[in-house]
Amino acid sequence: LGEKNDEVSLVLSLSCTKKQIDNIPFADPNSGKTQCSASEFNDAASPDCACCMLDNDFVAITKKQTGTPPPYTNCKDLLKEDGDGMKMLSLLASYDGGVAVTESIHSALIQSHSVNDLMFGYPSAFLGRVVPIAYMDVAQNQTSDSKVDVATKVLTGQMKDSLPFELGNIAEYTKDVGSVCSSKCSGGTCSGNAPERHEIDDVEKIVLGGISCKPYTATHKTVEQCNAISTVLTADANAANHEACVCADSSNDWADAGCCLAAGVLDGTDLTGSGCLYPVPGVVDANYVGKDTSSTNLDIGKAVDAWVSNEESKKSAQFMCPAPGVFIDEHKLFGSMEAYKGKDKHLIYYHTGNPRIRQNDMSQADAKPYYAPANVGNGGTFIGASGLTGYGFTHDVSDAELDSPLLPFYARDMKKDLMFFQENYASHIKSKICGNKGRCVLTARMKPLNNVFHYNVNASASGTGLPYDGLQPIGHMNGPAETGHPVYFHQPLYYNGDEVLYSQQDNSHVEASDGNGIKIYRSKTSSDPGQFTVDGANANYELIDKEWMDANGESLLQSYMDIDTSTGLIARSYMRFGMSYSIWECDPETNAHCKLATMAQGEGQCYDKVGAAIFAALNQTAKDDLIAVGRNTFTYPCSAANLFTPKVTAGKIMPMYWSDESTMGMNKDEVDVLVEFGEDYYNLYVTFWWLMAIVVCFFMTAVCMFHACIFFEDDSFRHKSGPVDAPKEGE
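None of the values given here were measured: they were computed from a predicted structure.

What follows covers the overall build of the chain. From N to C terminus, the chain includes 15 helices and 24 strands. The dimensions of the chain, computed from C-alpha atoms along their principal axes, are 160 × 65 × 60 Å. Counting all 731 residues of the chain, 45% fall into the buried class. Of the contacts made within the chain by residues no fewer than 6 positions apart, 64% connect residues no fewer than 24 positions apart. When the accessible area of the chain is evaluated, it comes to approximately 36900 Å², of which 53% is carbon and sulfur surface. Considering the chain, the positive charge centre built from 55 side chains and the negative charge centre built from 93 side chains are found 2 Å apart.

Okay, structure coming up:
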């Protein structure tokens, strides 16, 4: 959610502008900011009033004034469970699959979704409503347009370059969701799933196939709300506290199907942003739409073309045109990445010296942007070919040796290269890929270095190995908000990572006692394992720890690619990498918004040292007033989830998914072609040596005959005929 990420600030932003929230610490009836009036709430034209007064100050001033409260709204009243803001967020979270954290409150922090939703993305009623509201005042400060015009531009993606959060055209997206989900609504609620992808004819809506339709309930409810407004305004066009609904997509769908509203007021409640749905991206690329082979009403090619033409290309460009000639160094770069979004380098990390990625890292004075070059790794499809390098008297076209045992591979999900090494380099033991008749060619097997995600002091600015070996934080360039997203890239289940990743019980980073950590379990079956059971004979999940990893990690989780060096093709690969998410910290020492969640009676579980320093920095009068009401022990919630679930500890790195991308760069027929080349090479080699042997034989024979001729022509060696004389006496 960007700068409105923590829940306290988020709920307050439903009633107040950013500047009004920033004025809260300065609310004072004597010389500070005055309380915003009803007409000033959430009005960008009223930046000098305070949204509310902190509960500590409110209680202290009330006591000091012998029971007379100050003329302010207590922030606690805006944050209570039965308050309008909390009830709305809880309801929207429930539409999105959020879990119940109390009897009456649902949290958007933990959600339940189908595999289809997680794979291909899903609509969020929570984000669709709160993000536009949270940033509407930012948009209003940048233009003199009317409120409804500003809202329309925000909700249709026309101000994406002006906001710190990229919304896109959520009005159009909401309408698309309605096209597949409106039939699933009745009685004021929507349920069930949209038609499957193979049942959708419109190729641009295929990605919506099978999504949960429950979030569309928020949109469907605008029908009831807007018709109620219409009834009132029909009777009295100037009725107070009522304004007509305006759909951001310029339609009149509010009357029957519902829409994303750019305007509308019902009984004094502003409906701007109501009914809007935000597209949460899925794990896989949008082009991967899937198809039921029993259906013929969907042209996958057209579906992919539609996405390619309608979506901004984010692919990295590869070096494809080396100079002509032989033995040119430039040829070794063939297939390497040379640009990302048209640039030869891109930001991946803000180095601050802190071992953990934080929400406001990029705004820190000591932040050093780390840029990764885009032209260091190959794209996983081909490299420069070596040509014929097979050994003599073998059937191999290649010796399967690279120029170097190390090869950088460009990991597109983290926009950075990973170093792979060749297994059995300079050895005759090689992997193979085989054709139709069991005949094979040698390949160079490449695997990631064991320390590929380990901390390296010489490359610490890239963030690799932080906060633990085995991780690469990529959140600074991930997500729709300028402040990034707490996400990490790694090998599956932290293979070759730090053992502490399987427990994470150190909580010193939030100044909390140790012990609260995580456990990771893996299903024992590829089918639905049923109810979660880890003990006894019927256990269907197994604990993932260092012992399990040592026994299973290499065979199940390690990536590799087999390269036919003669052609440069990646003949076969299994790329296994994962993503982990975390929860932002909310450190009141570095983030002023987090101070708004002060728990001054010591009821918080974190940041007690920071709290003591903040209290110590107050003037003596303020200290005395707080001591008088027992509000002098400052502590804070343990994460940015500081309202719904204040005990949740930030910074726990939790594996969300890992993928096994299997590709075959060469089919069996192509392998057979190389095998035939190898056979031809072998036969040619054998024929050459047979010819050489014959030539040698002829040569040796000629040499022998030449020497024989010389022998018989020399008188000293010539045999004389005639009788042999008898030996003389003494001989």
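Once you've had a look at it, read on.
Turning next to the nonpolar core. Core analysis: the biggest nonpolar cluster contains 67 residues, and Leu-12, Ile-24, Leu-89, Phe-126, Val-154, Val-177 and Cys-181 have the highest contact counts within it. Looking at this core, the elements with two or more residues in it are α1 (7-13), α4 (75-79), α5 (84-95), α7 (125-140), α8 (147-155), α9 (170-181) and β9 (278-280). Top element by residues in this core is α7. It accounts for 11 residues. Excluding residues that lie within four positions of it along the chain, Val-177 makes contacts with Pro-123, Ser-182, Leu-208, Ile-211, Tyr-216 and Leu-277. Counting residues in each nonpolar core, the second largest holds 21 residues, with Phe-409, Ala-411, Phe-577 and Met-579 among its members.

Attention shifts here to a nonpolar patch on the surface. Side chains of Val-99, Val-101, Leu-109 and Ile-110 sit close together on the surface and give an oily, nonpolar patch of about 280 Å² of accessible area. Within the element layout of this structure, Leu-109 appears in strand β2 (residues 106-111).

Right, let's talk about unusual backbone geometry for a bit. The omega angle of the peptide bond from Leu-466 to Pro-467 is -5°, so this bond is cis rather than trans. Looking at the element boundaries, Pro-467 is found in the loop between β17 (440-448) and β18 (472-473). We note that Lys-415 has phi near 55°; this positive angle belongs to a residue other than glycine. Looking at the secondary structure, you find Lys-415 in the loop between β14 (406-411) and β15 (416-422). Residues other than glycine seldom take positive phi values, yet Tyr-494 does so here, at roughly 65°. Relative to the helices and strands, Tyr-494 is located in the loop between β19 (487-490) and β20 (521-523). We classify Tyr-494 as buried; its relative accessible area is 0%.

One pass over the full model with this rule turns up 11 aromatic pairs. Ring geometry for Phe-409 against Phe-420: centres 5.4 Å apart, planes inclined by 65°, an arrangement best described as edge-to-face. Placement of Phe-409 in strand β14 and of Phe-420 in strand β15 is noted, with a sequence separation of 11 residues between them. An identical accessibility class is assigned to Phe-409 and Phe-420; each is buried. Following the ring pairs from residue to residue traces out a cluster consisting of Tyr-135, Phe-165 and Tyr-278. Residue placement shows Arg-197 over the ring face of Phe-120; its charged tip is 3.8 Å from the ring centre. Here the basic side chain of Lys-345 rests over the ring of Tyr-371, its NZ or CZ set 5.1 Å away from the ring centre.

Each value, and the rule that gives it
- Residues numbered from 1 in each chain as written.
- Predicted model: local features only at pLDDT ≥ 70, side-chain atom pairs only at ≥ 80, totals over all residues.
- Heavy atoms only, no water.
- Helix = DSSP H or I, 4+ residues; strand = E, 2+ residues; numbered from the N terminus.
- Buried < 20%, exposed > 50% of the residue type's maximum accessible area, 1.4 Å probe, protein only.
- Contact = heavy atoms within 4.5 Å.
- Areas by Shrake-Rupley, 256 points an atom, 1.4 Å probe, with all protein chains shown as cover.
- Lys, Arg positive; Asp, Glu negative; His and termini not counted.
- Charge placed at Lys NZ, Arg CZ, Asp CG, Glu CD.
- Core = buried A, V, L, I, M, F, W, Y, C linked by side-chain atoms within 4.5 Å.
- Patch = residues over 30% accessible without salt bridge, like charges linked within 9 Å, V, L, I, M, F, W, Y side chains within 5 Å.
- Salt bridge = Lys/Arg side-chain N within 4 Å of Asp/Glu carboxyl O.
- Phe/Tyr/Trp six-rings, centres within 6.5 Å; stacked < 30°, edge-to-face > 60°.
- Lys NZ or Arg CZ within 6 Å of the ring centre and 35° of its normal.

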